[in-house]
Amino acid sequence: MAYQRTFISRDQAQAPFYVGADLGGTGIKVGLVDDLGRSLAWTKVPTEVPKGPEQGAAKIGRAVLDVIAQAGLQPSDVAGVGLGSPGPMDIEQGMLLESPNLVGWENFRLVDAVVANCHLPVSFANDANAAAYGEFWIGCGRDFRSIVMLTLGTGVGGGIILDDHVLDGANSNGGECGHIIIDYRDDARLCGCHQTGHLEAYGSATAVIKRTQEALVAGRASSIAERLARGEQLTPILVGEEAQRGDALALEIVLDTAKYVGVGCVTLIHAIDPVAVVIGGAMTFGGDASPLGRRFIERIREEVRHRAFPVPAERVQIVYATLGGDAGYIGAAGIARLAVKNKAK
């Protein structure tokens, strides 16, 4: 079943309260949750990147105050705000560095600017780590002590949560799972980061489109070509639809993608030994609700069983994420909650 956002009332909620903000290149999702991670209010505003980071920070601050008001609360009722942002970033300094999704926002002290607009303490996190923490806190990972999450979309994001600890790393680059190397050859595929051989170059939506185009140019027969000739746009959704209809090339592309993701999972499992690997993002081919989605994740599991050490191969759970696009703001709020509780200790 597809994820559906639900809300509780103020009377049902358990204080203290936290706000999570998920900053993206096109939109900013902001939600208020209670101490159990249940949502009371939510909003989304356009990022409007060309207007610059100061206006962006003001938008985030206004949205934070808006969801607090929506829930019938006062800012003093909120213990903290979590902000998830695309990297690269300097978490300790609360600074954006050079994010390809936020051109013109380079070397900007985003946290200070958001604080100035909402007057609440703000915890900073990589957006993929925030999504991973959301799943760990109240999603599919709530019963696991540790997870690695891969988000399959335009690129491949990642997050690592170990015993309620978000692995940010020494340089705020922890959890960049999409950039582990799965092909060391000199002619390996080029990643969006301009390096070769990374998982993202093979297992992302961008890679699915490129590999499909290459196969069609090489003369492979496929019903995909007929749909493109009718003026449709090549997307992983189209590839998935044709795979479900039995097109051989489309199914090959989908299952090869699963193989590449599985190879990446093996490296992460050997390095981290998590209880579970969570697969999320926009490109899950329907997830558990779809026969193709179930076949996709089972192919990932097969690759892990084939390549990983026997004990983790047998014990690791590979599951789909369950919070959909809300994982980012929920996880960001959870990271703010974690910061408040750690400070109290």
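Described below are features of the structure shown in this document. (Residues numbered from 1 in each chain as written. Predicted model: local features only at pLDDT ≥ 70, side-chain atom pairs only at ≥ 80, totals over all residues. Heavy atoms only, no water.)

1. Description of the packing of aromatic side chains
Phase 1: Evaluated as defined, the whole model comprises three aromatic pairs.
Phase 2: Judged by centre distance (5.1 Å) and plane angle (65 degrees), the ring pair of tyrosine 202 and tyrosine 260 falls under edge-to-face. Here the residue tyrosine 202 occupies a position in helix 4 (residues 200-203), and tyrosine 260 occupies one in helix 8 (residues 248-272), the gap between them amounting to 58 residues.
Phase 3: On the basis of relative accessibility, which here comes to 23%, the residue tyrosine 260 falls in the partly exposed class.
Phase 4: One residue, arginine 5, lies across the ring of tryptophan 42, its end atom 3.7 Å from the ring centre. (Phe/Tyr/Trp six-rings, centres within 6.5 Å; stacked < 30°, edge-to-face > 60°. Helix = DSSP H or I, 4+ residues; strand = E, 2+ residues; numbered from the N terminus. Buried < 20%, exposed > 50% of the residue type's maximum accessible area, 1.4 Å probe, protein only. Lys NZ or Arg CZ within 6 Å of the ring centre and 35° of its normal.)

2. A few points about the sheet that holds strand 8 (residues 146-152)
Phase 1: Strands sit in the order 10-9-8-11-12 across an open sheet of five strands; the sheet is mixed. A strand with exactly one partner marks an edge of an open sheet, and here the two such strands are strand 10 (165-166) and strand 12 (317-320).
Phase 2: Examined bridge by bridge, strand 8 and strand 11 (residues 276-280) share five bridges and lie parallel to one another. Bridging across to strand 11, methionine 149 finds its partner in valine 278.
Phase 3: Strands strand 8, strand 9 (156-162) and strand 10 of the sheet are contacted by helix 3 (residues 127-138), whose axis makes an angle of about 50 degrees with strand 9.
Phase 4: Across the sheet, helix 9 (residues 291-307) touches strand 8, strand 11 and strand 12, and the angle it forms with strand 12 is around 160 degrees. (Pairing = 2+ DSSP bridges. Contact = heavy atoms within 4.5 Å. Axes fitted to C-alpha atoms, helices over the stretch in contact; angles between N-to-C directions.)

3. Some points on the layout of surface pockets
Phase 1: In this structure, the second largest pocket occupies an estimated 280 Å³ of space.
Phase 2: Along the wall of the second largest pocket there are 16 residues; nearest its centre are Ile91, Ser123, Phe124, Asp168 and Ile335.
Phase 3: Counting residues per element, the ones that place at least two in the lining of the second largest pocket are helix 2 (110-118), strand 7 (122-126), strand 10 and helix 11 (327-344).
Phase 4: Ranked by residue count, the leading element in the lining of the second largest pocket is helix 11, at four residues.
Phase 5: The residue inventory of the lining of the second largest pocket, partitioned by class, reads eight nonpolar, five polar and three charged. (1 Å grid on protein atoms, 1.4 Å probe; cavity = no way out; pocket = protein on both sides within 12 Å on 5 of 7 lines; lining within 4 Å. Points joined across faces, edges and corners; volume = space filled by probe spheres on them. Nonpolar A, V, L, I, M, F, W, Y, C, P; charged D, E, K, R; others polar.)

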